[in-house]
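Below are the chains, spelled out letter by letter.
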Amino acid sequence: MAAAEPGAAPGGGGCVPAGSGSVPVLFCFSVFARPSSVPHGAGYELLIQKFLSLYGDQIDMHRKFVVQLFAEEWSQYIDLPKGFLVNERCKVRLVPLQIQITTLGNLTPSSTVFFCCDMQERFRPAIKYFGDIISVGQRLLQGARLLGIPVIVTEQYPKGLGSTVQEIDLTGAKLVLPKTKFSMVLPEVEAALAEIPGVRSIVLFGVETHVCIQQTALELIGRGLEVHIVADATSSRSMMDRMFALERLARTGIIVTTSEAILLQLVADKEHPKFKEIQNLIKASAPESGLLSKV
């Protein structure tokens, strides 16, 4: 969780050395309010830790927050004073910063992560146009390696469904994880994203569009990330399921696009040092399968 730095504000106590014992504090978040306590002299970091311990399952770790203190002299909450230490009974709250940002769909390598979802051997005979999405998926992963973009790969119950197909080269992938959950948003994935500074956009592809892709995309946008689904690298057993999933996701603000658009947007300029290599990738493989006519 990225919390806003507490700024200077009047009231709320000064810098008092930590003493023995604890102090009762009412912790408020959203519609919740829970009485608890912290050690005498606790500061900002301990308050944040306490909020996480009380409300961790409700807090979106990718949002920004500010901690506020209820000031009796103002009869309202104020931003937590700089250097504040708890020395008496008080009430604090955690407030998400509501900043409206227009999603433009811009992609830059430094703020992008690729998600490759469940491109496994046992799906080969069942998924429509599976050979084509393997080809496009491999092109995307080659592009990610050229541009230094982290790649996260999942495999749905590999014990029963097999590993990622051999045509997909996972060299350099940041994570390759087994899962039983349909969404790719596993605790290990969230931890990996938290380690990558400035992540804003996820490029998502694989199978099945209406199950694992859809559930992953919805979880990611719920965490404030922008999601780009690669239509020519995403499929299902049923074209009807695929079509309605992509339509639903587009209505939620998720960007449905193509592999060529993604790769060229990431280089942005023919003078980019990797442009020629990306151009060669695009020229080398562009399956015409009829898949895109069913978006």
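Now for a look at the structure at hand. Just so it is clear, the model here is predicted, and its values are computed rather than measured. (Residues numbered from 1 in each chain as written. Predicted model: local features only at pLDDT ≥ 70, side-chain atom pairs only at ≥ 80, totals over all residues. Heavy atoms only, no water.)

Below, the discussion takes up the packing of aromatic side chains. Geometrically, a pair of aromatic rings is defined through the distance of the ring centres and the angle of the planes. Scanning all chains against the criterion turns up 6 aromatic pairs. Considering the side-chain rings of F29 and Y55, the 5.7 Å spacing of their centres and the 40° angle between planes classify their relative orientation as tilted. Within this pair, whereas F29 is found in strand β2 (residues 22–29), its partner Y55 is found in helix α1 (residues 44–55), the two being separated by 26 residues in sequence. Taking relative accessible area as the criterion, F29 reaches 8% and is therefore assigned buried. (Phe/Tyr/Trp six-rings, centres within 6.5 Å; stacked < 30°, edge-to-face > 60°. Helix = DSSP H or I, 4+ residues; strand = E, 2+ residues; numbered from the N terminus. Buried < 20%, exposed > 50% of the residue type's maximum accessible area, 1.4 Å probe, protein only.)

At their nearest, the axes of helix α2 (residues 130–147) and helix α7 (residues 259–267) sit 10 Å apart, and the two run at 5° to each other. Relative to α7, the element α2 lies roughly parallel. Facing V136, R139, L140, G143 and L147 of α2, the residues of α7 in contact are S259, I262, L263, L266 and V267. Of the residues in the contact of α2 with α7, the class split is 7 nonpolar, 2 polar and 1 charged. (Axes fitted to C-alpha atoms, helices over the stretch in contact; angles between N-to-C directions. Parallel < 35°, antiparallel > 145°, perpendicular 65-115°, else oblique. Contact = heavy atoms within 4.5 Å. Nonpolar A, V, L, I, M, F, W, Y, C, P; charged D, E, K, R; others polar.)

Let us now look at the sheet that holds strand β7 (residues 112–117). Sheet architecture is open: 6 strands sit in the order β9-β8-β7-β10-β11-β12, paired in parallel fashion. The strands lining the two open edges of the sheet, one partner per strand, are β9 (175–179) and β12 (255–257). Neighbour-to-neighbour, the strand axes of this sheet turn through a mean angle of 25°, independent of strand direction. Two strands pair when backbone bridges link them, and strand β10 (residues 201–207) and strand β11 (residues 226–235) are joined in this way by 6 bridges, in the parallel orientation. Note that in β11 the partner of V207 across the bridge is S235. Against the sheet, α2 engages β7, β8 (151–156), β10 and β11, with an angle of about 135° to β11. (Pairing = 2+ DSSP bridges.)

A word on unusual backbone geometry. Each neighbour pair has its own omega, and for V207 with E208 the value is -20°, a cis peptide bond. Phi at S30 is positive, roughly 55°, even though this residue is not glycine. Here S30 lies in the loop between β2 and β3 (32–39). Of the residues examined, S30 reaches a relative accessible area of 62% and is grouped as exposed.

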